[in-house]
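# Structural features, examined
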Amino acid sequence: MTRIPLTQLPSDSATSCSTCAACCCQLEVMLITDTGVPQRFIETDDWGGEVMRRLDDGWCAALDRDSMRCTIYELRPLICREFELGSPECHDERRGMVGIYR
Ligand code: SF4
Ligand code: SF4
């Protein structure tokens, strides 16, 4: 399994993915470039666009539910790469999921 290198995370930030339940991995992720996402994780939406497949509970199918880490980190979509830790969007997601932080 591919794991997110912890060295990529800022150690002096109050906001950290390591204290977050991968909140942003419940958002719809459109595939706007080919980063090599395995086909089994790709679905076509109602408008014909490719999106990451999500499970019935909303989480991305590529998320490891035990570690809450991305199982295709090296191949993750562009949108996932550009979702910025500590951004207003990140804080919005964390606020919405505050009950499941661990
Ligand atoms: S919502 Fe923010 S802190 Fe949580 S996993 Fe996403 S980028 Fe990391
Ligand atoms: S591809 Fe990885 S980083 Fe992107 S939403 Fe899915 S689990 Fe999260």
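Report follows, based on the coordinates. (Residues numbered from 1 in each chain as written. Chains lettered and ligands numbered in written order. Predicted model: local features only at pLDDT ≥ 70, side-chain atom pairs only at ≥ 80, totals over all residues. Heavy atoms only, no water.)

## Overview of the pattern of salt bridges
Inspection of every chain in the model, using the stated rule, returns 2 salt bridges. With its nearest N and O atoms 2.8 Å apart, the salt bridge here joins D57 to R65. D57 gets classed as partly exposed once you look at its relative accessible area, which sits at 42%. We classify R65 as partly exposed; its relative accessible area is 34%. The partner of D92 in a salt bridge is R95, and the shortest N-O contact between them spans 2.7 Å. Of this pair, D92 and R95 both sit in helix α2 (residues 88-96), 3 residues apart, roughly one helical turn. Residue classification places D92 among the partly exposed residues on the basis of a relative accessible area of 45%. R95 gets classed as exposed once you look at its relative accessible area, which sits at 58%. (Salt bridge = Lys/Arg side-chain N within 4 Å of Asp/Glu carboxyl O. Buried < 20%, exposed > 50% of the residue type's maximum accessible area, 1.4 Å probe, protein only. Helix = DSSP H or I, 4+ residues; strand = E, 2+ residues; numbered from the N terminus.)

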